[in-house]
Amino acid sequence: MNLILLGAPGAGKGTQAEIVCDKLGIPTISTGNALRAAIKDGTEMGLKAKEAVDAGRLVSDEIVVGIVKERLAQDDCKNGFILDGMPRTVAQAHALEDMGVNIDKVIDIEVSDEAIIARLSGRRVCSACGASYHTEYKPSSVEGVCDRCNGALIIRKDDEPATVLERLATYHEQTEPLVEFYRERGKLVVVEGQEKVEDTSALLLAALEA
Ligand code: ADP
């Protein structure tokens with residue numbers, strides 16, 4: 001199954017992608033994680049992306065389309081994949097169509113701005129594998145340590161309050177139009193984000209089976 005996870009920053013796309021990935025055995029392609037890895041490694045792409053990511057703005061369509069194109073060409077994507085965080089602009093959605101990528105479903109995880117602001121303040125991510133946690137809603141077993149790989153958990157620079165507001169504004173302006181884009185194509189499934197991770201997963205997995 002070829003899936004796209006859509007939703008505001010902090011709607012829980014990454015967490016749900018991990019769950020769907022484990023359940024269906026298809027890989028997640030997270031442009032956010034790919035960009036953070038490139039920034040950490042100081043690659044040419046990372047240097048180009050750093051300023052926008054840190055400020056909560058989008059990086060260029062060219063960069064993210066390049067990341068996804070390269071990743072989709074790998075063998076493990078043949079039986080399906082989950083796109084987490086891409087497309088984020090109508091131009092990126094057109095680029096996917098132009099690549100001939102067939103999408104089965106687009107899951108839009110809807111969460112209010114107020115809930116997002118509260119959630120992002122407690123978010124922690126693994127500095128090694130990118131897995132995400134929340135101090136209150138999804139704590140790791142050992143504080144500050146990743147359950148998956150024992151990496152150190154950190155606060156993302158773009159989770160600072162001012163940057164969160166910038167990311168939300170960017171979302172409403174540039175990404176939300178994709179809801180209509182995919183509704184028109186008959187691909188859209190709306191899932192109301194719940195307070196508990198597992199409640200959202202249950203709705204999401206049911207939507208995939210429908
Ligand atoms: P979240 O969904 O929590 O905002 P991501 O990890 O998906 O976070 O993305 C973090 C940042 O990486 C974004 O704020 C943006 O700067 C950049 N980014 C990720 N995906 C894209 C994309 N498809 N297009 C443009 N920029 C992107």
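Not measured: the values here are computed from a predicted model.

Trainee: Any chance you could explain the overall build of the protein chain here in plain terms?
Mentor: What the protein chain contains, in helices and strands, is nine helices and eight strands. Its C-alpha radius of gyration of 16 Å places the protein chain within 12% of the 17 Å reference for a compact globule of 210 residues. By principal-axis analysis of the C-alpha atoms, the protein chain measures approximately 40 × 40 × 35 Å. Expressed as a percentage of contacts within the protein chain between residues at least 6 apart in sequence, the contacts between residues at least 24 apart total 71%.

Trainee: What's the story with the sheet that holds strand β2 (residues 28–30) in this structure? I'm lost.
Mentor: Remark on secondary structure: sheet strands pair via backbone hydrogen bonds, oriented parallel or antiparallel. Spatially, the five strands line up as an open sheet ordered β2-β3-β1-β4-β8, and their pairing is parallel. In this open sheet, the two edge strands, each paired with only one partner strand, are β2 and β8 (188–192). In this sheet, neighbouring strand axes are inclined to one another by 20° on average, regardless of whether the strands run parallel or antiparallel. In the sheet, strand β4 (residues 105–110) pairs with β8 via five bridges, with the strands oriented parallel. Within β8, the position partnered with valine 106 by the bridge is leucine 188.

Trainee: Is there a simple way to think about the sheet that holds strand β6 (residues 132–134) in this case?
Mentor: Pairing in this open sheet of three strands is antiparallel, and the strands run β6-β5-β7 from one edge to the other. Because the sheet does not close on itself, it has two edges, and the strands there are β6 and β7 (153–154). Of the strand pairs in this sheet, strand β5 (residues 123–126) and β7 are connected by two bridges, and their pairing is antiparallel. Each bridged residue has a counterpart across the sheet, and for valine 125 the counterpart in β7 is isoleucine 154. This element, helix α6 (residues 113–121), spans β5 and β6 of the sheet and lies at about 50° to β5.

Trainee: Got a minute to help me understand the site of the ligand in this structure?
Mentor: For the ligand, the set of nearby residues contains 20 residues, the closest of which are Thr31, Arg36, Arg57, Gly85 and Arg167. For the ligand, an oxygen atom lies 3.0 Å from a polar atom in the side chain of lysine 13. At 2.9 Å from an oxygen atom of the ligand is found a side-chain nitrogen or oxygen belonging to arginine 36. Starting from 550 Å² of accessible surface for the ligand in isolation, the protein chains cover 96%. For the shell around the ligand, the leading source of residues is helix α2 (residues 31–41), giving four residues. When its residues are assigned to classes, the shell around the ligand shows seven nonpolar, five polar and eight charged.

Trainee: How do you make sense of the environment of tyrosine 133 when you look at a structure like this?
Mentor: Position of tyrosine 133 among the secondary structure elements: in strand β6. In this view, tyrosine 133 contacts Gly122, Arg123, Arg124, Lys138, Pro139, Ser140, Cys146, Asp147, Arg148 and Leu153; residues no more than four positions away in its chain are not counted. Polar contacts involving the side chain of tyrosine 133 include one to the main-chain amide nitrogen of aspartate 147, which spans 2.9 Å.

Trainee: Sorry, what's going on with the pattern of salt bridges here?
Mentor: In the structure shown here, the tally under the stated rule is 12 salt bridges. Here aspartate 159 makes a salt bridge to arginine 123, at a shortest N to O gap of 3.0 Å. With aspartate 159 in the loop between β7 and α7 (161–175) and arginine 123 in strand β5, this residue pair connects regions lying 36 residues apart in the sequence. Summarising the burial analysis for this pair, aspartate 159 and arginine 123 share the class buried. The salt bridge partner of aspartate 158 is arginine 156, with a shortest N-O separation of 2.9 Å. Across this residue pair, the class does not change: aspartate 158 and arginine 156 are buried. A network of salt bridges, in which partner residues are shared, links Arg123, Arg156, Asp158, Asp159 and Arg167.

Trainee: How do you make sense of α7 when you look at a structure like this?
Mentor: The periodicity of an α-helix, 3.6 residues per turn, causes residues three or four positions apart to be oriented the same way. Under the 1.5 Å per step criterion, the end-to-end length of α7 is 20 Å for 15 residues, consistent within 8% with the ideal 21 Å. Looking at the buried side of α7, the elements it contacts are β1 (2–7), α3 (44–55), β4, α6, β5 and α8 (177–184).

Parameters and conventions
Residues numbered from 1 in each chain as written. Predicted model: local features only at pLDDT ≥ 70, side-chain atom pairs only at ≥ 80, totals over all residues. Heavy atoms only, no water. Helix = DSSP H or I, 4+ residues; strand = E, 2+ residues; numbered from the N terminus. Rg over C-alpha atoms; globule rule 2.2 N^0.38 Å. Contact = heavy atoms within 4.5 Å. Pairing = 2+ DSSP bridges. Axes fitted to C-alpha atoms, helices over the stretch in contact; angles between N-to-C directions. Near = heavy atom within 4 Å. Polar contact = N/O pair within 3.5 Å; in protein donor to acceptor, adjacent residues only side chain to side chain. Areas by Shrake-Rupley, 256 points an atom, 1.4 Å probe, with all protein chains shown as cover. Nonpolar A, V, L, I, M, F, W, Y, C, P; charged D, E, K, R; others polar. Salt bridge = Lys/Arg side-chain N within 4 Å of Asp/Glu carboxyl O. Buried < 20%, exposed > 50% of the residue type's maximum accessible area, 1.4 Å probe, protein only. Expected span 1.5 Å × (residues − 1).

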